[in-house]
Amino acid sequence: MILRFIGYLFGMGMLLGILVVGGVAWYISSISRDLPDFEVLNAYEPPVTTRIYANDGSLMSEYAHERRLYLPIQAIPEVVKNAFISAEDKNFFSHPGIDMAALARAIVTNVRNFGTDRRQVGASTITQQVAKNFLLSNERSIERKIKEAILSLRIEQAYSKNRILELYLNEIFLGLGSYGVAGAALTYFDKSVNELNLQEAAYLAALPKAPNNYHPFNRTEAAIERRNWVIDRMIENGHISLEEGEAAKKVPLGVNPRRRTNYLFASEYFSEEVRREIVSRYGEDALYEGGLSIRTTLDPALQVMARRALQNGLLAYDEEQGWRGPVDRIDASGDWGAALGKMPALADVPEWRLAAVLEVGDDGARIGLQPRTEVSGELSGDREEGRISFDNMKWAAKVRIKGESARTAKTPAEIVEVGDVVYVTAMGDDQPDEYRLRQLPAIEGAIIAMDPHTGRVLAMAGGFTFAGSQFNRATQAYRQPGSSFKPFVYAAALDNGYTPSSVVLDAPLRIEQAGSGIWEPKNYGGGYAGPSTLRVGIEKSRNLMTVRLAKDMGMPLVVEYSRRFGIYDNLSPFLSMSLGSGETTVLRMVSAYAVLANGGRKIVPSFIDRIQDRYGKTIYRHDERICDACSVANWEGQDEPVLDDTRDQVLDPMTAYQMTSMLEGVVQHGTATIVSKLGVPVAGKTGTTNDEKDAWFVGYTPDLVAGVYMGFDNPRPMGRGSTGGQLAAPIFLEFMQAALAGKPPVDFRVPKGIKLIPIDRKTGLQAQPGDEGVILEAFKPGTAPPDVYSVIGFADDIVRDRLTVSPDANRAVLSGTGGLY
C-alpha cells in the first residue's frame, strides 16, 4: 500500500515536472520567437562624434548627440580592458554568456538583503549588458532578464569574446555626455585612451553602474572609493601587482574635463560656417552621429591675425564715438563677486574680463574682477582686485550715454560710478593690477583671407565676438559694396575693347530713369576732373566716370561680368548698380578679387579641404584638379607631375593683369594710399556707400587676397569721413603686415604678350621724349595708346556723345557749357 502510494506520488511528481519543464520550454519558445535579431550587431554603426580640424591638424570643434569615438579592440590598451573586466565581469573569458557562479552569489546576497534598504545586486555579464544595451530596453522585469540570458547565449555562439568586448567598450555610457572608453578618456582627462594610466583607467571602469553616483566633483569621495575598489579587483585578479595598486590608490582622481564645442582659439565663426555646410550637404544626422572627419582650410596663425586686426579696427572707431555707459550695475557693498560671477562673460574674448567698480577717486577707479571658473565649473572663491587709472579711461571722456545729455568728462567719477559693471583688459606684466576700460563695439564688421589660386578660405572673422553675436557678417550679411565693385565694371570694359588709357569724361550727369525721375550721380566729395583715363578713374574712384563707362558699353555686359565673377546672381541692369548699390557678401567680393589675382580663373570658395567618413574613406575633396602622375609609386627620372587645371577661364589673363596694375595705382596714388605702407606689391580698392553706411576694402598680393567690411548691423551713417580708406583699409593693412612678416616680396606675374608702353598719365596718349607725368601702361597685343584724343560718354542732355580734339591738346571744350577740363 505504501509502495503504491509512493509510486503514485512519484508519478504525480514526474507528471508535474514534465508539465513544468514543458511550460518553461513553451514560455522560452514563445519569448524566443519575439527576440530581436542579434545579427544586427554585424552592421553596428553607433552614433560617433564628428570632428573638425584646421589645416594643420589642430582640433577646432566636435559635434555629437553621444560623445563617442569608436575604437577596434586592438586599439584599446590592456590596462583599460582589464579594469573593466575586473569591475564588471571577471569571468568574461570563461563563461558562455551567463556566469552561473555570480548569479548564485547574487541570489544569496539579495535574499540576505531582503527587507533592508540595500539595493539589490545584479549578476549581468558583459555579454548580457551588450544584449540589453543593443537589443533590449532598460525595463526591470523577469521577462527582460530571461530574454537577455537567451540572447547572451546566442551572441556568445555567434561572436568572439574580443568582438563582444569591443562592442561593450564602445557603447557604454560613462557620464558627462560621453559614450565608450575613447570618448570618456577625452571627456574626463583630455587624453586619448592610449595615454590613460592605471588610476585613470580604474576610475572609468568604476562608472558604468551609475556615473552620477561617482561624479568627480559632486561626489569625489565616493568616486575615489569606487575607483580604489576597482584597483583592488585588478590586484585580486592578477592584472597588476600589489605595489602598483597601492601606489595608484594614493593618487587623486586628476579629472581634467575637456572643453566642449570649440577648442582652437578664435575659430568659432569658421567652425559654425563649416557646421552649416555639413548640415546642408549631408543632414544633421551625419553631423551629429556620422563620425565624420573634416579637414578645413583654416590657417590658425592667420586666423588669430585676422581676428586681432578686425577687433582693433572696430575698437578704434567705437572709442572715437565715446562712452555709452556700463554693461550693467550691481550692489558693490556686499559680496560683489557672487553677483558679478552670475553675469555671462565673452567666452571667445578671454582677454576681456567683467569687473565691478568698487571705488572711484580723482586718479582712477578700484575694481573687482569677475571670479574665474574652476575646472569643476564652480566659481573661484578668491576675490581679485585691480585698478583703472584715469589715463586708461580717458578715451571715454566723450560721454554719450543713451537718455543722458552728451558731455565731456573731466574726472573718473563723470565716467564710472560705484556698482558699474564694465569690461576691462590687463595692461600687461609691466603694469601689474592695472587695467584699461573697454566697451563692446556697437559697430560691426568682417574679414576674410583667401588663397587666390585655390579659393581656400584661410581665415575669417564674422564679427567682434561670436559669443555676443553668432551672425556671420562675412557670409550672411548682404551689404552694398560701393566702389569696391567698380573694378569689375572696368574689367568688363578692358575685356571688350577698352584700354587703361581710354578717356572718359568726369563731369555732371543727368540720367532719366523710367518711373523714378532724374538721377544725378555725384562724386564722393563733389567736384569734377574732366576727361580722365580709366586708370585715373579707378584710382580716384570717380563715380561719374564709372556710370558713363557702364552707359557706353551697356549694363547687360556689366550684369554678365558680375555673374561670371560670382558677385551677384542676377544684378538689375540699372546704371546705379555700376556703383555697387546691389547687395552682396564679403565672401563673394573676396572670391571675385581672387579671380583678378590668379589670372582670371574661376574661384569656388571653400572652407573644407576634405571630408572622410567614419571608416576613413574620402567622400569629398575640394581640389578637383587632375594629376594622373601623382600616384606613381617610384621616381624613375620622370618629369614632376603636372596638375591639369580644368577650371573655367572667366577673364582674359591679360585683362586680369591690366586690372591688377590699375588697382596697384589705387594703393600708390588713389584712395588707399595707407596700404602702401605694406611695402610690397599690393593691389586693391576701397568702397564707401551713400551716407557712409558701409566701408570696404578688398585687396591682394600675388598669393593672398583679403577683404574687410565695416558697418552697423542696422545700417545707419557712420559719420562724415568714415570711408573705406579710413576705416577698412587700416584693418587690411594690419592683417597683411602680420601675415606677410618675414616673407620676401613677390611681384605680380605678367602674362606673356603684355606690352608696357609709356603714356601721358593725364591724356592717355603715347608719351613723347621729355614729357612729364609719364607712366608705363599695360597693353594687350593689337592695342596701343590712341593716336587721337577721344573722350567717352557724354550725357545727351549736357554734351554730345563723343568729342574729338587734336592729339596734342591738353584740354577739351564741352560744347554748350563753356566748361574747360
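Per chain, residue numbering runs from 1 following the sequence as it is written. Selection of residues for local features in this predicted model requires a pLDDT of at least 70, selection of side-chain atom pairs for listing and counting requires 80 or more, and totals for whole chains, interfaces and linings are taken over all residues. The basis for every side-chain value is the complete set of non-hydrogen atoms in the structure, without hydrogens or water.

Once that is clear, we can look at the overall build of the protein chain. Of the regular secondary structure elements, the protein chain holds 21 helices and 28 strands. For every residue, the accessible area obtained with a 1.4 Å probe (protein chains only) is divided by the maximum for its type, and the residue is called buried under 20%, exposed over 50%, and partly exposed between those limits. Expressed as a percentage of its 821 residues, the buried residues of the protein chain come to 52%. Note on definitions: a residue-residue contact is assigned when non-hydrogen atoms from the two residues lie within 4.5 Å. Sequence separation of at least 24 residues holds for 68% of the intrachain contacts in the protein chain that already meet a minimum separation of 6. Calculation of accessible area relied on Shrake-Rupley with a 1.4 Å probe; when residues are assessed, cover is drawn exclusively from the protein chains displayed. With the model as given, the accessible surface of the protein chain reaches about 38,400 Å², and the carbon-plus-sulfur share is 51%. Helix and strand labels come from DSSP, where a helix needs a run of H or I of at least four residues and a strand needs a run of E of at least two; each type is numbered from the N terminus.

Now for the sheet that holds strand β20 (residues 683-688). For two strands to be treated as a pair, DSSP must find no fewer than two bridges joining them. Strand order in the open sheet formed by 5 strands is β13-β12-β22-β21-β20, with antiparallel pairing between adjacent strands. The open sheet is flanked by β13 (457-461) and β20, the only strands paired with a single partner. The mean angle between the axes of side-by-side strands here comes to 5°, regardless of whether they run parallel or antiparallel. By the bridge criterion, 4 bridges tie strand β12 (residues 444-450) to β13 in an arrangement that is antiparallel. Paired with I448 across the bridge in β13 is M460. Axis lines are fitted to C-alpha atoms, over the contacting stretch for helices. Their N-to-C directions set the angle, which ranges from 0 to 180 degrees. Its contacts with the sheet put helix α19 (residues 586-597) on β12, β13, β20, β21 (695-701) and β22 (704-711), and the angle it makes with β21 is roughly 30°.

Put simply, helix α2 (residues 78-88) and helix α9 (residues 220-236) touch, their axes get as near as 9 Å, and they point 100° apart. Here α2 is positioned roughly perpendicular relative to α9, judged by the angle of their axes. Across from V79, N82, A83, S86, A87 and E88 in α2, the residues of α9 making contact are R226, W229, V230, R233 and M234. Looking at the contact of α2 with α9 residue by residue, the classes come out as 6 nonpolar, 2 polar and 3 charged. Any angle between 65 and 115 degrees counts as roughly perpendicular, while under 35 counts as roughly parallel, over 145 as roughly antiparallel, and the rest as oblique. Any residue outside Ala, Val, Leu, Ile, Met, Phe, Trp, Tyr, Cys, Pro, Asp, Glu, Lys and Arg is labelled polar, Gly included; the first ten of those are nonpolar and the last four are charged.

Further remarks concern unusual backbone geometry. Look at L176: it is not a glycine, yet its phi comes out positive at around 50°. For A266, which is not glycine, the phi torsion reads 70° and is therefore positive.

Moving on, we get to the environment of G57. Tracing the sequence through the fold places G57 in the loop between β1 (50-53) and β2 (59-63). On the basis of relative accessibility, which here comes to 31%, the residue G57 falls in the partly exposed class. Residues G57 and D299 lie 242 residues apart in sequence; the distance between their C-alpha atoms is 9.9 Å.

Right, let's get into the pattern of salt bridges. Any carboxyl oxygen of Asp or Glu that lies within 4 Å of a side-chain nitrogen of Lys or Arg is treated as forming a salt bridge with it. In the structure shown here, the tally under the stated rule is 45 salt bridges. Note that E246 is salt-bridged to K249, the shortest N-O span being 3.2 Å. Separated by 3 residues within a single helix, E246 and K249 lie in helix α10 (residues 242-249), roughly one turn from each other. For E417, the salt bridge identified is with R329, shortest N-O distance 3.7 Å. On the criterion of sequence distance, the pair formed by E417 in the loop between β9 (407-408) and β10 (420-426) and R329 in strand β4 (residues 328-329) is long-range, its members being 88 residues apart. On the basis of relative accessible area, E417 is assigned to the partly exposed category, the value being 48%. Exposure remark for R329: the relative accessible area of 41% places this residue in the partly exposed category. Taken together, the shared-partner salt bridges in this structure form one network comprising E272, E273, R275 and R276.

Planes of paired rings set the category: under 30 degrees apart is stacked, over 60 is edge-to-face and the rest tilted, where pairs are Phe, Tyr or Trp rings (Trp by its six-membered ring) whose centres lie within 6.5 Å. The full count for this structure, using the stated rule, is 21 aromatic pairs. Seen in terms of ring centroids, Y63 and Y288 are 6.2 Å apart; in terms of plane orientation they differ by 90°. Their pairing is edge-to-face. Residue Y63 is located in strand β2, and its partner Y288 is located in helix α12 (residues 284-289); the two are separated by 225 residues in the primary sequence. Ring plane angle 65° and centroid distance 6.4 Å describe the contact between Y593 and Y700, whose orientation is recorded as edge-to-face. Taken as a pair, Y593 in helix α19 and Y700 in strand β21 lie far apart in primary sequence, 107 residues in all. With respect to burial, Y593 and Y700 carry one shared label: buried. The structure contains a cluster of three or more aromatic residues connected by ring pairs, namely F485, F488, F565, Y568, Y593, Y700 and F748. We note K161 situated over the ring of F92; from NZ or CZ to the ring centre the distance is 4.6 Å. Counted as over-ring charges are cases with an Arg CZ or a Lys NZ within 6 Å of the ring centre that also lie within 35 degrees of the ring normal.

It is worth spelling out the packing of helix α7 (residues 180-189) against helix α8 (residues 198-205) at this point. Between α7 and α8, the least distance of the axes is 11 Å, while the angle of their chain directions is 115°. With respect to α8, the element α7 is oriented roughly perpendicular. The interaxial crossing formed by α7 with α8 has right-handed handedness. Counted together, V181, A184, A185, Y188 and F189 of α7 and E200, Y203 and L204 of α8 form the full contact between these two elements. When the residues that make up the contact of α7 with α8 are grouped by side-chain class, the tally is 7 nonpolar, no polar and 1 charged. A crossing counts as left-handed when the near helix is turned anticlockwise from the far one by less than a right angle, and as right-handed when that turn is clockwise.

Bringing the pairing of strand β11 (residues 434-438) into the picture now. In terms of residue burial, β11 counts as a mostly covered element, since 4 of its 5 residues are buried. In terms of strand pairing, strand β7 (residues 385-389) meets β11 through 2 bridges, oriented parallel. Bridge assignment links R387 to a residue of β11, and that residue is E434. The pairing of β10 with β11 spans 4 bridges and is antiparallel. Within the sheet, the bridge partner assigned to Y423 lies in β11 and is R438.

What follows covers the side chain of R353. Structurally, the position occupied by R353 is in strand β5 (residues 352-361). What makes R353 buried here is its relative accessible area of 11%. In this structure the side chain of R353 is engaged in a polar contact, spanning 3.2 Å, whose partner is the side chain of E384. Setting aside residues up to four positions removed in sequence, R353 forms contacts with L369, Q370, R372, E384, V422, Y423, V424 and Y435. Distance and chemistry together define a polar contact, namely a pair of N or O atoms within 3.5 Å, with one atom able to donate a hydrogen and the other to accept it when in protein, and with adjacent residues in sequence counting only for side-chain atoms on both sides.

Before going further, it helps to examine the sheet that holds β2. Strand order in the open sheet made by the 5 strands is β2-β1-β3-β18-β19, with mixed pairing throughout. Every interior strand has two partners, whereas the edge strands, β2 and β19 (618-621), have only one. Across this sheet, the average inter-strand angle for adjacent strands is 15°, counted without regard to direction. Relative to strand β3 (residues 293-296), β1 runs parallel, the two sharing 3 bridges. Bridging from a neighbouring strand, Y53 pairs with R295 of β3.

Another point: the environment of V503. Among the structural elements, V503 can be located in strand β14 (residues 503-506). Given the relative accessible area of 3%, V503 is considered buried. Taking the C-alpha atoms as reference points, V503 and I792, 289 residues apart in sequence, are found 6.0 Å from one another. If near-sequence neighbours (up to four positions away) are discounted, V503 is found in contact with P531, S532, T533, T763, Y789, S790, V791 and I792.

Tracing the backbone through its elements, the reader meets I98 in the loop between α2 and α3 (100-112). Distance from I98 to T125, taken between C-alpha atoms, is 6.3 Å for residues 27 residues apart in sequence. If we ignore the near neighbours within four places in the chain, the residues touching I98 are T125, Q128, A149 and L153.

Per-residue pLDDT for the protein chain has a mean of 87; in total, 85% of the residues score no lower than 70. Counting interchain partners and residues more than four positions distant, the pLDDT-below-50 stretch residues 795-821 has 63 contacts. Every residue is assigned a pLDDT by the predictor, reflecting its confidence on a scale from 0 to 100.

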